[in-house]
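A structural walkthrough
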Amino acid sequence: MPAATESGATGGFAEAAQAVAALFASSRQRVDVFSHFLPAPVFDTEPVLQALVAFARKSPKNQGRFLIWQPRLVTARPHPFLQTCQKFPDTFQLHSLPQRLTPPGEDFLLNDAAAGVRFPQPGRSLFTHTDGHSQAWLQGVFEELWRHSEPVPELRQFLL
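Before going into details, it helps to say that this report is about the structure given with it.

How each quantity is defined
Residues numbered from 1 in each chain as written. Predicted model: local features only at pLDDT ≥ 70, side-chain atom pairs only at ≥ 80, totals over all residues. Heavy atoms only, no water. Core = buried A, V, L, I, M, F, W, Y, C linked by side-chain atoms within 4.5 Å. Buried < 20%, exposed > 50% of the residue type's maximum accessible area, 1.4 Å probe, protein only. Helix = DSSP H or I, 4+ residues; strand = E, 2+ residues; numbered from the N terminus. Axes fitted to C-alpha atoms, helices over the stretch in contact; angles between N-to-C directions. Parallel < 35°, antiparallel > 145°, perpendicular 65-115°, else oblique. Contact = heavy atoms within 4.5 Å. Nonpolar A, V, L, I, M, F, W, Y, C, P; charged D, E, K, R; others polar. Expected span 1.5 Å × (residues − 1). Arc of directions from axis to C-beta.

In this section: the nonpolar core. One recurring pattern in soluble globular proteins is that nonpolar side chains are buried together. Of all hydrophobic cores here, the largest spans 31 residues; its most connected members are F24, F66 and F81. Looking at this core, the elements that each hand over two or more residues are helix 1 (13-26), strand 1 (30-35), helix 2 (40-43), helix 3 (46-58), strand 2 (63-68), helix 5 (80-86), strand 3 (92-96) and strand 5 (116-119). L67, L97, L110 and L145 belong to the second-largest nonpolar core, a separate cluster that totals eleven residues.

Following this line, the structure appears as structure tokens:
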């Protein structure tokens, strides 16, 4: 049973996957994701994969930017989320950060419709929806990280 707290946090991988899928579905043209390793119980679920495909097909202008902190954890096994991204190379960009940078301590997803989801403990199901202040702050963090990011050869090779 998912846990709920006064801060609005909820838990449970099924609920987390639904929140991520809803974020893709509610986006207009852009989704930004920062994740330590794209935890499979959230990202490799059918609702998320269906929402990812629907997002890519909605418009040729749609763009998903995914920053992955630990790409080797992602490429250690077949990853349905990344395999789905591979089908839409013009829509999705997969990057990582140089090891000299310190990543945020949480995973987060943001879209251009002012919706977002934060995972304070990467790999866990506990999540919160962003409010206006945290949405703007996290978008600034993402933009700065993206500026320092680079495509990941391991991800590109894995996808091909």
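Attention now moves to the packing of helix 1 against helix 3. The geometry of helix 1 relative to helix 3 is characterised by a closest axis approach of 8 Å and an angle of 5° between their N-to-C directions. Between helix 1 and helix 3, the interaxial angle falls into the category roughly parallel. Residues A17, Q18, V20, A21, F24 and A25 of helix 1 lie in contact with helix 3, whose contacting residues are P47, V48, A51, L52, F55 and K58. Among the residues making up the contact of helix 1 with helix 3, the classes are represented as ten nonpolar, one polar and one charged.

Take the environment of V152 next. Looking at the secondary structure, you find V152 in the loop between strand 7 (150-151) and helix 7 (153-159). Aside from chain neighbours lying at most four places away, what touches V152 is P71, L94, H95 and S96.

Another aspect to go through is helix 6 (residues 132-148). Taking 1.5 Å as the rise per residue, helix 6 with 17 residues should run 24 Å; its terminal C-alpha atoms sit 25 Å apart, in good agreement. For helix 6, the full list of buried residues reads S134, Q135, L138, Q139, V141, F142, L145 and W146. Down the axis of helix 6, the buried set is contained in an arc of 165°. They therefore lie on one face. Facing away from the buried side of helix 6 by over 90 degrees, the exposed positions are G132, H133, A136 and R147. As for helix 6, its buried residues are in contact with strand 1, strand 2, strand 3, strand 4 (107-111) and strand 5.

Function cannot be read off these values alone, since they describe shape.
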